Amino acid sequence: IEVVRGNVSSLYGSEAIGGVIQIFTKHGRGAPAFNVSEGVGSHGTQRLSAGWGGTVENTEFNIQASRFNTDGVSAINPAIYPNANPDNDGYDNTSVSANVRHAFNADHSVSASAFNSTGHNQYDNAYGAPTDINTNDARVSKLSLASEDRLGETWMSKLQLAQGVDSYQDYLNGAPVAGGSLYKTSSQQLSWQNTVGFGAGKQLLAGVEYLGQQVDSDLQPQYDRDYRKVKSLFAGYTGSYGRHQVQINARHDNFSDFGIANTGLLGYGYSLTESWRIAGSTSTAFKAPTFNDMFYPFINYGFGYSYQGNPNLQPEESRNNEVGVHYAADSQRVDIVYFDNRIHNLIVGNGLPAYTMINLNEARIDGVEVSYNGQFGDTGVRVAAVTQNARDVTTGSALPPRANQHGSVALTQKLGALQVGGEWQYSDGRVDTDGVHTMPAYSVLNFSAAYALSKELKLAVRADNVTNQDDSNAYGYNPLGRVFYVSLSYQQ
């Protein structure tokens, strides 16, 4: 899992306004081997996963499958919303992933990957009847093909074609919700990315990308627009010149429904010593509203509450400035960063009973983020803290549901075949998405332990929220409370 913090719209396009999380599935390594893991926990939670992968001559492959289910808790607190069904709301999921890569030689290879996840979820409706059973089925799938080729001594090329489907359907008491309840978004993406090296510490990235998105729904009236095309060009350069480091990114997106969006980033760093470095950047970002944000049909839930899309929504545009001090030596790293993000047309909910998405004229989020990672022999330490001021510039009111302060402290200790860990998480109080209620601050304590029974077999236990704090993220919704989980895994 790779976490890229900050604004990276100039590389990844819309939606990357606040960072990117990339998840890479396992690739086969070494002789083909089998793995299996099984776990049980609180609220009737069960998980079973198995896989097989490895390398045969010049071909890597890996196949993984998993099954997860839990009884859960009642999603909504009936003491606050009496019309919510008080029964437990469970969830189950089945997923399969596979990938294969064949190398013709050191310079050319082809690969393919596939992923499918099918989930069944039970939830509560605060505006229905206390006996209603509300469920939904969701499916996410993706298939991609790629060719990686060295076209020159320092020129690497990657051509990739991908197709994804995200579908969702609501059910009430076992039948599809009357009037329509199916949403299905299909995406097709073609990208060509090139990286060229120019000596030590200097690299150019350039590419083109095409994205097509189609939404289908049985809701009436139909969406005013159900297709979007995005044609993109992007380039980036990173270079080191003695104590100086520079980064320049630029991206040009042509949206079929919103027109041209140009974003960029300019960054500079200076090494004070071998360990200490100062750095700063200024960048712009762009985020297009979703089809549901704009065209979700009018739904009347009763009791004066309704939801409807807003076809007049405009894209978000932002400028982010950062300056920071960084330390890296041996097994320790410190990062202290000041950020100032100003967002024009921020897309938020209006918080009214007649709920819809709206644009805020101007929003600002500025603050300081501090993080520390250190390893002292068999002891690991990780600390992270953020203090920020997220507000509507026009009114001065807080932006829901962002906490002004939040952070965590984690410790791990290895004792031979045993590894134990503890984590403390804190969040300040914050305004709920309805703009009315304030969610209280909370601190959560988690513990974990893992013991290697043998080279292949490992036993792990975890206890989350051991003090049973109310860490609900939305007013009227129930937290999971104290939970325990134990698993046994085998890696051949």
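You'll find the structure just up there.
Cut-off values and rules
- Residues numbered from 1 in each chain as written.
- Predicted model: local features only at pLDDT ≥ 70, side-chain atom pairs only at ≥ 80, totals over all residues.
- Heavy atoms only, no water.
- Helix = DSSP H or I, 4+ residues; strand = E, 2+ residues; numbered from the N terminus.
- Rg over C-alpha atoms; globule rule 2.2 N^0.38 Å.
- Buried < 20%, exposed > 50% of the residue type's maximum accessible area, 1.4 Å probe, protein only.
- Contact = heavy atoms within 4.5 Å.
- Areas by Shrake-Rupley, 256 points an atom, 1.4 Å probe, with all protein chains shown as cover.
- Lys, Arg positive; Asp, Glu negative; His and termini not counted.
- Charge placed at Lys NZ, Arg CZ, Asp CG, Glu CD.
- Pairing = 2+ DSSP bridges.
- Core = buried A, V, L, I, M, F, W, Y, C linked by side-chain atoms within 4.5 Å.
- Phe/Tyr/Trp six-rings, centres within 6.5 Å; stacked < 30°, edge-to-face > 60°.
- Lys NZ or Arg CZ within 6 Å of the ring centre and 35° of its normal.
- Salt bridge = Lys/Arg side-chain N within 4 Å of Asp/Glu carboxyl O.
- Polar contact = N/O pair within 3.5 Å; in protein donor to acceptor, adjacent residues only side chain to side chain.
- Patch = residues over 30% accessible without salt bridge, like charges linked within 9 Å, V, L, I, M, F, W, Y side chains within 5 Å.

Visitor: Help me out: how do you make sense of the overall build of the protein chain in this one?
Guide: In terms of helices and strands, the protein chain carries 2 helices and 30 strands. In terms of C-alpha radius of gyration, the protein chain reaches 25 Å, essentially the compact-globule figure of 23 Å for 492 residues. In terms of overall dimensions, the protein chain has C-alpha extents of about 65 × 60 × 45 Å along its principal axes. Burial status across the protein chain gives 36% buried among its 492 residues. In the protein chain, once contacts between residues fewer than 6 apart in sequence are set aside, the share between residues at least 24 apart is 53%. About 26200 Å² of surface is accessible on the protein chain, with carbon and sulfur atoms providing 57% of the total. Side chains of the protein chain carry 33 positive and 46 negative charges; the gap between the two charge centres is 7 Å.

Visitor: What exactly am I supposed to notice about the pairing of strand S28 (residues 442-452) here?
Guide: Two faces make up the sheet, and in a regular strand the side chains alternate between them. Bridge count between strand S25 (residues 418-427) and S28: 10 bridges; the pairing is antiparallel. The residue of S28 that forms the bridge with Gln419 is Ala450. Across 6 bridges, the pairing between S28 and strand S29 (residues 457-464) is antiparallel. Residue pairing for S29: Tyr451 is matched across the bridge by Leu459. Hairpin geometry of S28 and S29 is characterised by an intervening segment of 4 residues between the two adjacent antiparallel strands.

Visitor: How do you make sense of the nonpolar core when you look at a structure like this?
Guide: Soluble, globular proteins show a tendency: their nonpolar side chains are buried together. Within the largest apolar cluster, 12 residues are counted, these being Tyr183, Val215, Tyr223, Phe291, Met294, Phe295, Tyr296, Tyr307, Leu313, Ile347, Tyr355 and Met357. The element contributing the most residues to this core is helix H2 (residues 291-295), with 3 residues. In this structure, Tyr296 is in contact with Tyr183, Tyr223, Phe291, Tyr307, Gln308 and Gly309, ignoring residues within four places of it in sequence. The next biggest cluster of nonpolar side chains, apart from the first, holds 10 residues, and it includes Leu360, Val386, Ala390 and Leu399.

Visitor: I'm lost on the packing of aromatic side chains in this one. Help?
Guide: Remark: the centre distance and the inter-plane angle together describe each pair of aromatic rings, the angle taken between the planes. One pass over the structure, following the stated rule, counts 11 aromatic pairs. Ring geometry for Tyr81 versus Tyr475: centroids 6.4 Å apart, planes at 75°, classification edge-to-face. One end of the pair, Tyr81, is in the loop between strand S5 (59-70) and strand S6 (91-103); the other, Tyr475, is in the loop between S29 and strand S30 (483-491), with 394 residues separating them in the sequence. With relative accessibility at 27%, the residue Tyr475 sits in the partly exposed group. Joined through ring pairs, the aromatic side chains of Tyr168, Tyr183, Tyr296, Tyr307 and Tyr355 make up one cluster. Positioned over the ring face of Tyr241 is Lys202, at 4.7 Å from the centre of the ring. Positioned above the aromatic ring of Phe258, the side-chain terminus of Arg225 is 5.8 Å from the ring centre.

Visitor: When you look at unusual backbone geometry in this model, what are you seeing that I'm missing?
Guide: With glycine set apart, most residues show a phi of negative sign, and most peptide bonds adopt trans. Omega for the bond connecting Pro400 with Pro401 falls within 30 degrees of zero, at -10°, which places this linkage in the cis form. Backbone geometry places His43, a non-glycine residue, at a positive phi of 60°. Here His43 lies in the loop between strand S3 (33-41) and strand S4 (45-56). Overall, His43 belongs to the partly exposed group, its relative accessible area being 26%. Unusually for a residue other than glycine, Asn345 sits at a positive phi of about 65°. Relative to the helices and strands, Asn345 is located in strand S20 (residues 332-349).

Visitor: Help me out: how do you make sense of the pattern of salt bridges in this one?
Guide: Close approach of charged atoms lets side chains of opposite charge pair. Per the stated rule, a full pass over the model turns up 15 salt bridges. Note that Asp107 is salt-bridged to Arg150, the shortest N-O span being 3.4 Å. With Asp107 in the loop between S6 and strand S7 (108-123) and Arg150 in strand S8 (residues 134-152), this pair connects stretches of sequence that are 43 residues apart. Exposure remark for Asp107: the relative accessible area of 33% places this residue in the partly exposed category. Here Arg462 and Glu423 are joined by a salt bridge, their closest N and O atoms 3.7 Å apart. One end of the pair, Arg462, is in strand S29; the other, Glu423, is in strand S25, with 39 residues separating them in the sequence. Arg462 gets classed as partly exposed once you look at its relative accessible area, which sits at 35%. Within this structure, Asp340, Arg342, Arg364, Asp366 and Arg391 form a network of salt bridges that share partners.

Visitor: What exactly am I supposed to notice about the environment of Asn136 here?
Guide: Position of Asn136 relative to the elements: it lies in strand S8. Residue Asn136 is classed as buried on the basis of its relative accessible area of 8%. Each C-alpha atom, one on Asn136 and one on Gly174, is 9.6 Å from the other, the two residues being 38 residues apart in sequence. Residues in contact with Asn136, not counting those within four places in the same chain, are Gly119, His120, Asn121, Tyr123, Tyr168, Gln169, Asp170 and Tyr171. In this structure the side chain of Asn136 is engaged in a polar contact, spanning 3.3 Å, whose partner is the side chain of Tyr168.

Visitor: Hey, could you run me through a nonpolar patch on the surface in this one?
Guide: A cluster of nonpolar side chains, namely Leu145, Leu151, Trp155, Leu159, Leu161, Leu190, Trp192, Val208 and Leu233, defines an oily patch on the protein surface of about 800 Å² accessible area. Looking at the nonpolar patch, the elements that each hand over two or more residues are S8, strand S9 (155-172) and strand S11 (182-197). For the nonpolar patch, the leading source of residues is S9, giving 3 residues. With respect to the helices and strands, Leu145 occurs in strand S8.

Visitor: How should I be thinking about the side chain of Thr263 in this particular structure?
Guide: Positionally, Thr263 belongs in strand S15 (residues 259-271). A relative accessible area of 7% places Thr263 in the buried class. Beyond its immediate chain neighbours, meaning those up to four positions away, Thr263 contacts Ser9, Ser10, Asn249, Ala250, Arg251, Thr284, Ala285 and Phe286.

Visitor: Sorry if this is basic, but what is going on with the pairing of S11 here?
Guide: Here S9 pairs with S11 via 15 bridges, running antiparallel. Directly across from Val165, in S11, lies its bridge partner Ser186. In sequence, S11 turns back onto strand S12 (residues 202-217) through a hairpin of 4 residues, with Gly199 there showing a positive phi of about 90°.

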